[in-house]
Every structure is written in C-alpha cells, then in structure tokens.
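Listed here are the chains, written in short residue letters.
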Amino acid sequence: NAGVMQNPRHLVRRRGQEARLRCSPMKGHSHVYWYRQLPEEGLKFMVYLQKENIIDESGMPKERFSAEFPKEGPSILRIQQVVRGDSAAYFCASSLAGTGFSYEQYFGPGTRLTVT
Amino acid sequence: DAKTTQPNSMESNEEEPVHLPCNHSTISGTDYIHWYRQLPSQGPEYVIHGLTSNVNNRMASLAIAEDRKSSTLILHRATLRDAAVYYCILRASSGNTGKLIFGQGTTLQVKP
C-alpha cells in the first residue's frame, strides 16, 4: 500500500510565479490536510479537505493561497504570485476519517518550495 | 485543543530506554493524547495515541498519569534512527475538525 505521495519534492519559483503542489492520499483515504513548516519554525495547519469540499481553512493565508481536492485526482495546493516568505516545506497528510479523534494522519515526504 | 508542554531537548545513549515527558494540565476528559515524530528532512510520523490506559505498539509505549495531566512516551531501546523531534498533541473528541496543532516538541539526540 503506497503511502502519501507528494510532488514535486523540490520546487523553485521566482517571485510572482505560481506554485502548484500535489498530494495523492493513501489508498482509501478521503481526508486530506495541508501543513506548512517555515524554516526554523514548527508545523502549522493550513487546510483540511474532503473530496470536493473544504472543511476547515482556518490556517490558510487570506490571499494568494487556495486548495482543492477534486472527485478524481490529487489534492492541489496553489500559491499565486509567490513571495520569498512562502519558501517553506509543505506537507500533506491523509486520514481514513477526519473528525475522528483517534484516527492517525499519515504524512507525505513534503514539497520544499524555494522562492528566488 | 488544550496546550501541551514538553522539554525543548533531551539526550539519550544508543540502546538505552528514553522517557519523553509531556504535561497537559488543562486536558479535558475526552481529549486523546497523540504522539508524532519528525525525523530530519522528513514528514511527521504517527507514533502512538491513548486516552486513559497505557498503550503499547511496535514503536513505543505510552504511559498516562492517573489524573491524565501528564504522559510519557517511552522508547524501550533508542537507536540512532530515533533521533527526531517528538510532538505530544491533544485531540478533542468533538468539535474538532481533526487538524493537528503542533507545538515546539522535544528534540531527541541519540548518542552512539
């Protein structure tokens, strides 16, 4: 059973470009979470999605960031007009259930975004 | 989610047991205690979770105080591969969208 897959693993963008980060959850998982880890900082929750629905986006920056999890295909985290402060590791996690307090989340290897 | 307090760092020798403490004095009766760890340059990894009783799995043991205001993650024989940041996280059983709220965690160094 393949784990959570993220691609690309490394992404370099110039300021002002768009970044698209992809996440394929574990087989059978329909709940996806995105987290961001800024350099020398802790992991911060960004958004929680179920298939075709955003459930909790309380951690998403108000502008330039969006996320989707379509019926078919991977979840996408999109960052428009990237700035240097967006440089970070972005981790995706999937879960068998979302609000279940005992269900563990399985994390992918992350996408390391560098904005030049 | 209730707050947890962990030491910033700990050291251990290889092959010896490690006890990683976590204080959660404001825990509510329905909060589960979860532990994750993050190895260098990798995504976090689930370790173990529990509610009231002590728990064991292939990776570790979780000892929960009787009043639930603290818990201890136990690695029975530390290996170099166990060097990581360990996070103690409380997850509410209701009114929670399931997101994990990470603190600073405990950075564990394992010496050969």
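From a predicted model like this one, the values you see are computed outputs, not experimental measurements.

Draft legend 1. A look at the overall build of chain B. Tallying secondary structure elements over chain B gives 0 helices and 9 strands in all. N-terminal to C-terminal, the α/β element order of chain B is β-β-β-β-β-β-β-β-β. C-alpha extents for chain B along the principal axes are approximately 45 × 30 × 25 Å. For chain B, the accessible area works out to roughly 5400 Å², and carbon and sulfur atoms hold 48% of it.

Draft legend 2. Molecular detail of the sheet that holds strand β1 (residues 5-7) of chain A. Residue and element names in this part refer to chain A. Across the sheet, which stays open at both edges, the 4 strands sit in the order β1-β3-β8-β7 with antiparallel pairing between neighbours. Each end of this open sheet is capped by a strand with a single partner; those strands are β1 and β7 (65-68). Strand-to-strand twist in this sheet, taken as the mean axis angle between neighbours without regard to direction, amounts to 15 degrees. In the sheet, strand β3 (residues 19-24) pairs with strand β8 (residues 75-79) via 5 bridges, with the strands oriented antiparallel. What sits directly across from R22, in β8, is I76.

Draft legend 3. View of the nonpolar core. In this structure, A:W34, A:M46, A:L77 and A:Y90 are the most contacted members of the largest nonpolar core, which totals 23 residues. The set of elements that each furnish at least two residues to this core consists of β3, β4 (31-37), β5 (43-50), β7, β8, β9 (88-95) and β11 (111-115) of chain A. Within the second largest apolar cluster, 21 residues are counted, among which are B:I33, B:W35, B:A60 and B:A84.

Draft legend 4. Inspection of the interface of chain B and chain A at higher detail. If you look at the interface, chain B gives 20 residues, while chain A gives 21 residues. The interface formed by chain B and chain A includes 1 salt bridge. The partner of B:K99 in a salt bridge is A:D56, with the nearest N and O atoms 3.4 Å apart. The tally of links between chain B and chain A comes to 6 residue pairs in polar contact (both at pLDDT 80 or more). For the side of chain B that touches chain A, the elements supplying multiple residues, two or more each, are β3 (32-38), β4 (45-50) and β8 (84-91) of chain B. In terms of residue count, the dominant contributor to the side of chain B that touches chain A is β3(B) (4 residues). A breakdown of the residues in the side of chain B that touches chain A according to their chemical character gives 8 nonpolar, 10 polar and 2 charged.

Definitions and cut-offs
Along each chain, the written sequence defines residue order, and numbers are assigned to residues from 1. Chain letters start at A and ligand numbers start at 1, both assigned in the order the entries are written. With pLDDT at 70 or above as the cut-off, local features in this predicted model cover only qualifying residues; side-chain atom pairs require 80 or more to be listed or tallied, and sums for whole chains, interfaces and linings still use all residues. Values shown for side chains rest on all heavy atoms present in the structure; no hydrogens or waters enter the calculation. Working definition: helices are DSSP H or I runs of at least four residues, strands are E runs of at least two. Numbering for both runs from the N terminus. Residue exposure ignores everything except the shown protein chains as possible cover, and the areas themselves are Shrake-Rupley values with a 1.4 Å probe. For two strands to count as paired, DSSP must find a minimum of two bridges between them. Lines fitted to C-alpha atoms define the axes, with helix axes restricted to the stretch in contact, and inter-axis angles between N-to-C directions lie between 0 and 180 degrees. Residue types Ala, Val, Leu, Ile, Met, Phe, Trp, Tyr and Cys, when buried and joined through side-chain atoms within 4.5 Å, form a set referred to as a nonpolar core. For each residue, the accessible area found with a 1.4 Å probe, counting protein chains only, is set against the maximum for its type, and the residue is called buried under 20%, exposed over 50%, and partly exposed in between. Contacts are assigned to residue pairs that have any heavy atoms within 4.5 Å of one another. We define a salt bridge as a contact between a side-chain nitrogen of Lys or Arg and a carboxyl oxygen of Asp or Glu at a distance within 4 Å. Polar contact is the term for a pair of N or O atoms within 3.5 Å; when the atoms are in protein, one must be able to donate a hydrogen and the other to accept it, and sequence-neighboring residues count only if both atoms are side-chain atoms. Any residue that is not Ala, Val, Leu, Ile, Met, Phe, Trp, Tyr, Cys, Pro, Asp, Glu, Lys or Arg is counted as polar, Gly included; the first ten are nonpolar and the last four charged.

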